[in-house]
Amino acid sequence: MQAGPRSEVKTTCPYCGVGCGVLASVAPSGEVTVRGDADHPANFGKLCSKGSALGLTTGLEGRVLTPEMGGKPASWDAALDLVAERFSETIARHGPDSVAFYVSGQLLTEDYYVANKLMKGFIGSGNIDTNSRLCMASSVAGHRRAFGEDIVPGLYEDFEDADLVVLTGSNLAWCHPILYQRLLAAREKRGTKIVVIDPRRTATADECDLHLAIDPGMDVLLFNGLLAHLERAGIVDRSFVDASTTGFAEALAIASADGSSIADVAQRCGLAEADVRLFYELFAATDHTVTVYSQGVNQSAHGTDKVNAIINCHLATGRIGRPGMGPFSVTGQPNAMGGREVGGLANQLAAHMGFENPVEIDRVARFWNAPDIARKPGLKAVDMFRAVGEGRIKALWIMGTNPAVSMPDARRVRAALEACDFVAVSDVTRNDTTRYADVFLPAATWGEKSGTVTNSERRMSRQRSFLPLPGEARPDWRIICDVARRMGFDAAFDFEGPAAIFREHAALSAYENHGERLFDIGALEAISDADYETFAPRLWPQPRAGEPSRRLLGSRFPTQDGRARFVPVRQEGVALNVDASRPIALNTGRLRDQWHTMTRTGRVPRLMSNAPEPALEIAPEDARSLGLKDGDLARVSSQYGFARARVSVSEAQKPGNAFLPMHWNGQFSANGGVGPLATPITDPFSGQPELKHVPVEISREAVAWAGILITRRELRPTGFVHWTRRPADGGWVYTLSGTETPDEGILLCRLLFDASPRSQLVEYTDRRGLTYRAAALDADGALAEALLVAQPGQLPPGDWLETLLASGEPLSSTERMALLSGRSPVPVASVGRIVCSCFNVDVNRIAASVAGGCRTIAAIGQATSAGTNCGSCRSEIRKIIDEIPLHAAE
Ligand SMILES: Nc1nc2c(c(=O)[nH]1)N[C@H]1C(S)=C(S)[C@@H](COP(=O)(O)OP(=O)(O)OC[C@H]3O[C@@H](n4cnc5c(=O)[nH]c(N)nc54)[C@H](O)[C@@H]3O)O[C@H]1N2
Ligand SMILES: Nc1nc2c(c(=O)[nH]1)N[C@H]1C(S)=C(S)[C@@H](COP(=O)(O)OP(=O)(O)OC[C@H]3O[C@@H](n4cnc5c(=O)[nH]c(N)nc54)[C@H](O)[C@@H]3O)O[C@H]1N2
Ligand code: SF4
Ligand SMILES: [Mo]
């Protein structure tokens, strides 16, 4: 363990692909504190709201710390034996393609390396795929088509050296907050122009110079039109195109036919002609341009074409591989990039080698001494789960991902898991997927495990453990190697630890590599255990000889002829069209303070309070025509399934489009998850599903009663049309509602209420049976639980009761009297929605400061600290300032 001053351990944030350096320390009490690592070149000491709250997520609540078989505790030996036995047996009877691994960008490179080696090298099947299929697969495929290898050419500093940054399908302000703050800081100095292309007006769009609210799925046309414009404007870099590329003429011909005039492009993309012209002229005029793309591009039935349409414009202008310019795919997960390096995707082999070339297959087989190596690609995620459902895959091992929630057509995925003969799950906690596990393998998680991750700019950093392994939890690499040895592959999996695995990974990257593969970290193949321990963040490549290049793809490309390829692409329609029965296009994505299926962030009260419930954002026009208003409960259904969420009418939505966050699931709501709605239609090249677009019908649920339960207990309510839960200081808050009659609703809620003998129980029912209130106090007279049920819109706010729960103090007699009204006996400053989660500052405090005269973000920052850490809430603060008229401050 590397000890710095104050015994801080240098590690890396386990959330997004920015890959920020974190200094973690553990107090004798066990309390974990984190701060940004000023020496880390990704974040130079800053952390966003999620990173800053990491210390609150290392507790053991909710963890599963013993192996389980059939839901019952088991020994490691028994659990590992069973996994090895069932996999070996299935392979012996049905062949290697009857088994599969579904893994994750949450795994460290070393975990990922051995998982891939076991499946492809020794089981001899390509059937290992990863949640990166839902995330980065289109970028990988687009990079391989254009460059010959999956390469992100640029560095974060290019965001700072650019004069124009185009963000397409990326909500960088929320999803890569620290990188976004670097961009904004650079803009202060050099006046960088920012263009955002996104159907929604996101927090990122709030701060930009030009927002193109493109119709969903139309990015190919917009960039084809741009390519045609660059030619017309005489901006094409002929010498670069001639010397370093092929296929320009054909790509241009198709692009010009597709996007024949700016007026036509604008009309078909649902944009104003003047805006499209402005974007094209800005792009044409600005040499230092970086185009950033993420899930609005990747998660599409034409995601690979979108990637290539973007890259074509950069190749045409020669704006690649040089400071301040280039196409830049930002990665999502902490180790999305590391997974790509080791070949975690079913259609890749290892170390950026693939199945297309038999020489590469033989090379990897020789290196691994694995004569039975897979010789063809395996099934990609959507096809893999289809094969599970059809019984072609009979044994499945899921590691570090929650497909029952995050896969499209999740109902089918759940049915497939239910039907599968044998499912093993390695996870750290129970989630919607673990209920299907025949064997649960308790993995170590962030803070407990060690290894490397690679961020969006190809920078490898160490995650280091600073906590002991809790209970019987083990790191993933070890679990995988233990199973491999039990399957008879002893020699190939005899690793002492992550450093040994890393050395082998580095050696494979350099094996028979004379510069053909840019992914080469051969310089690290003999790294000592001590140097691995102190390993400082560094970029790849790191070849054995020669100076490593920092930026890649300046002139030579890793194709056979050394040239980049223009890929001719044509705009296609979205996979499924809206129609009269399903008139709204549903888009899904991320919220600022949540991480994926909420297994970590969903336990931190302050991260839950900015958006406590799943909310369906919908344009005012659509809300009107559908008869919906703010706070209504909506039922959203696609041809695959349905979800329920609160309506939030929002000007940020384009008419005809709605948005649901991807995070909610069965642990946090009744039916708040988007997985059952999403379509399993995939991009033909990458196999990535179209997660950003599905036609839906939206209707209002006839809610007849609403309830709120505030309690110390963690529950999973059942039998409710709608429930959600969130953690609060001292317990949990449940919202409940239903379409039954109010008295039936009250009955249902009372079943949830803890009726066990208490020192005091107070209860109130109104005569008409429409309202019910109850509170239970513990032996000391402190509030243990409170339930309020009323007609929709009639519930008193729960803040005061939440404050009582958090205080844990015995109630005064006036407070006890007031319990039955649910309202505080004395006026208390009500705590509103949290705006700044880094410093826990709510909307009311900010509004009060504005009213008190703070009219700038900086002044609010001085008065309340809000917005002074990660800055992700600054656009929200600006909105609050704008909404409060000036005279209020006088
Ligand atoms: N807070 C937070 N940050 C995260 C994560 C998280 O869970 N929470 N997850 C991480 C992961 S794994 C990932 S992959 C990244 C994702 O990071 P992003 O890709 O930035 O996030 P998303 O919200 O999925 O989608 C981005 C935007 O694409 C837009 N979009 C939808 N359809 C289209 C279209 O047709 N064209 C265009 N141009 N845009 C479209 C959406 O409206 C959305 O605003 O975030 C990472 N960072
Ligand atoms: N509709 C819709 N669906 C989407 C998306 C979308 O935008 N819209 N986005 C897609 C994208 S980009 C992504 S990346 C996926 C994410 O979806 P998932 O991968 O399903 O989401 P996570 O919640 O990150 O799941 C990670 C799991 O790993 C566990 N875990 C954490 N650390 C460790 C560890 O060290 N070892 C092990 N073994 N387990 C660990 C956690 O407890 C958790 O259960 O969702 C995809 N699905
Ligand atoms: S931007 Fe935030 S979530 Fe992403 S790595 Fe940095 S601290 Fe973690
Ligand atoms: Mo992702």
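Residues numbered from 1 in each chain as written. Chains lettered and ligands numbered in written order. Predicted model: local features only at pLDDT ≥ 70, side-chain atom pairs only at ≥ 80, totals over all residues. Heavy atoms only, no water.

(A) Up close: the nonpolar core. Judged by nonpolar contacts, the single largest core of 121 residues is most densely connected at Phe-101, Leu-222, Phe-223, Phe-279, Trp-397 and Phe-493. The leading source of residues in this core is helix H3 (residues 109–123), at 8 residues. Residue contributions to this core reach at least three from each of two domains, namely domain 2 (68–134 + 335–539) and domain 3 (137–329). Setting aside anything within four residues of it in sequence, one finds Phe-223 in contact with Val-166, Thr-168, Ile-197, Phe-279, Thr-291, Ala-309, Ile-310 and Cys-313. In this structure, Met-337, Leu-709, Cys-838 and Ile-880 belong to the second largest nonpolar core, which totals 82 residues. (Core = buried A, V, L, I, M, F, W, Y, C linked by side-chain atoms within 4.5 Å. Buried < 20%, exposed > 50% of the residue type's maximum accessible area, 1.4 Å probe, protein only. Helix = DSSP H or I, 4+ residues; strand = E, 2+ residues; numbered from the N terminus. Domains from an automatic or database assignment. Contact = heavy atoms within 4.5 Å.)

(B) Quick look at the sheet that holds strand E26 (residues 694–700). Spatially, 6 strands are ordered E21-E25-E22-E24-E23-E26 in a closed barrel, and the strand pairing comes out mixed. Between one strand axis and the next, the sheet turns by 45° as a mean value, whatever way the strands run. Alignment of strand E23 (residues 633–637) against strand E24 (residues 642–649), held across 5 bridges, turns out to be antiparallel. Within the sheet, the bridge partner assigned to Arg-635 lies in E24 and is Arg-644. (Pairing = 2+ DSSP bridges. Axes fitted to C-alpha atoms, helices over the stretch in contact; angles between N-to-C directions.)

(C) Inspection of the pairing of strand E22 (residues 615–618) at higher detail. Where burial is concerned, the two faces of E22 differ: the one with Leu-616 and Ile-618 is buried and the one with Ala-615 and Glu-617 is not. Here E22 runs beside E24; their pairing, made up of 4 bridges, is parallel. Looking at the pairing, Ala-615 lines up with Arg-646 of E24. In this sheet, strand E25 (residues 657–661) lies alongside E22 in antiparallel orientation, the contact comprising 2 bridges. Bridging across to E25, Glu-617 finds its partner in Phe-659.

(D) Just the site of ligand 3, in detail. Contacts to ligand 3 come from Cys-13, Tyr-15, Cys-16, Gly-19, Cys-20, Leu-47, Cys-48, Lys-50, Gly-51, Pro-177 and Ile-178. At the level of secondary structure, the elements contributing two or more residues to the shell around ligand 3 comprise helix H1 (49–52) and helix H7 (177–190). Class assignment for the residues of the shell around ligand 3 results in 8 nonpolar, 2 polar and 1 charged. (Near = heavy atom within 4 Å. Nonpolar A, V, L, I, M, F, W, Y, C, P; charged D, E, K, R; others polar.)

(E) The arrangement of the site of ligand 1 in detail. Residues in close proximity to ligand 1 total 34 residues, the closest being Asp-198, Gly-217, Ser-294, Arg-590 and Gln-594. One of the side-chain N or O atoms of Asn-587 is found 2.8 Å from an oxygen atom in ligand 1. In isolation ligand 1 has 910 Å² of accessible area, and contact with the protein removes 99% of it. Looking at the shell around ligand 1 residue by residue, the class counts come to 9 nonpolar, 17 polar and 8 charged. (Polar contact = N/O pair within 3.5 Å; in protein donor to acceptor, adjacent residues only side chain to side chain. Areas by Shrake-Rupley, 256 points an atom, 1.4 Å probe, with all protein chains shown as cover.)

(F) Looking closely at the packing of helix H9 (residues 219–232) against helix H11 (residues 248–258). It is at 8 Å that the axes of H9 and H11 come closest, and there the two elements cross at 115°. Considering their axes alone, H9 and H11 lie roughly perpendicular with respect to each other. Note on packing geometry: the crossing formed by H9 with H11 is left-handed. Between H9 and H11, the contacting residues are Val-220, Leu-221, Asn-224, Leu-227, Ala-228 and Glu-231 on the first element and Phe-248, Ala-251, Leu-252, Ala-255, Ser-256 and Asp-258 on the second. Residues that form the contact of H9 with H11 fall into these classes: 8 nonpolar, 2 polar and 2 charged. (Parallel < 35°, antiparallel > 145°, perpendicular 65-115°, else oblique. Left-handed = near helix turned anticlockwise from the far one by under 90°.)

(G) Inspection of the sheet that holds strand E9 (residues 193–197) at higher detail. As summarised here, the arrangement of the 5 strands in space is E10-E9-E8-E12-E13, forming an open sheet in which the pairing is parallel. Only two strands of the sheet have a single neighbouring strand rather than two, namely strand E10 (210–212) and strand E13 (326–329). The sheet shows a mean angle of 15° between the axes of neighbouring strands, taken without regard to direction. As judged from the 4 bridges shared by strand E12 (residues 289–293) and E13, these two strands associate in the parallel manner. Across the sheet, residue Tyr-293 finds its bridge partner in E13, namely Ser-329. Running at roughly 120° to E10, helix H13 (residues 273–285) makes contact with strand E8 (164–168), E9, E10 and E12 of the sheet.

(H) Structural context of unusual backbone geometry. That bond from Trp-540 to Pro-541 is cis: its omega, 0°, falls within 30 degrees of zero. Among the structural elements, Pro-541 can be located in the loop between strand E19 (538–539) and strand E20 (564–565). In this structure, Glu-512 takes a positive phi of about 50° despite not being glycine. Of note, Leu-553 is a non-glycine position whose phi angle comes to about 65°, a positive value. Along the chain, Leu-553 turns up in the loop between E19 and E20. Classification of Leu-553 by relative accessible area gives buried; the value is 3%.

(I) Molecular detail of the packing of aromatic side chains. Counted under the stated rule, the structure contains 23 aromatic pairs. With 6.1 Å between their ring centres and 80° between their planes, Phe-223 and Phe-279 make a pair best called edge-to-face. Taken together, the residues Phe-223 in helix H9 and Phe-279 in helix H13 connect sequence positions 56 residues apart. Residues Phe-240 and Phe-557 carry aromatic rings whose centres are separated by 6.5 Å and whose planes lie at 70° to one another, so their mutual orientation is edge-to-face. (Phe/Tyr/Trp six-rings, centres within 6.5 Å; stacked < 30°, edge-to-face > 60°.)

(J) The pairing of strand E32 (residues 783–790), seen in detail. For E32, the buried fraction is high: 8 of the 8 residues fall into the buried class. Taken together, the 6 bridges between strand E27 (residues 705–711) and E32 define a ladder with antiparallel strand orientation. Considered in E32, the bridge of Gly-707 is made with Val-789. Pairing of strand E31 (residues 772–777) with E32, which is carried by 6 bridges, proceeds in the antiparallel orientation. Directly across from Ala-774, in E32, lies its bridge partner Leu-787. The hairpin turn running from E31 into E32, its antiparallel successor, is 5 residues long, and Gly-781 in that turn takes a positive phi close to 85°.

(K) Representation of H11 within the structure. Among the residues of H11, those classed as buried are Phe-248, Ala-251, Leu-252, Ile-254, Ala-255 and Asp-258. Looking down the long axis of H11, one finds its buried residues gathered within 170° of arc, a one-sided arrangement. Residues of H11 that are exposed and point over 90 degrees away from its buried face: Ala-249, Glu-250 and Ala-257. Structurally, H11 contributes buried residues whose contacts are with H9, helix H10 (238–244), strand E11 (245–246), helix H12 (262–269) and helix H15 (303–316). (Arc of directions from axis to C-beta.)

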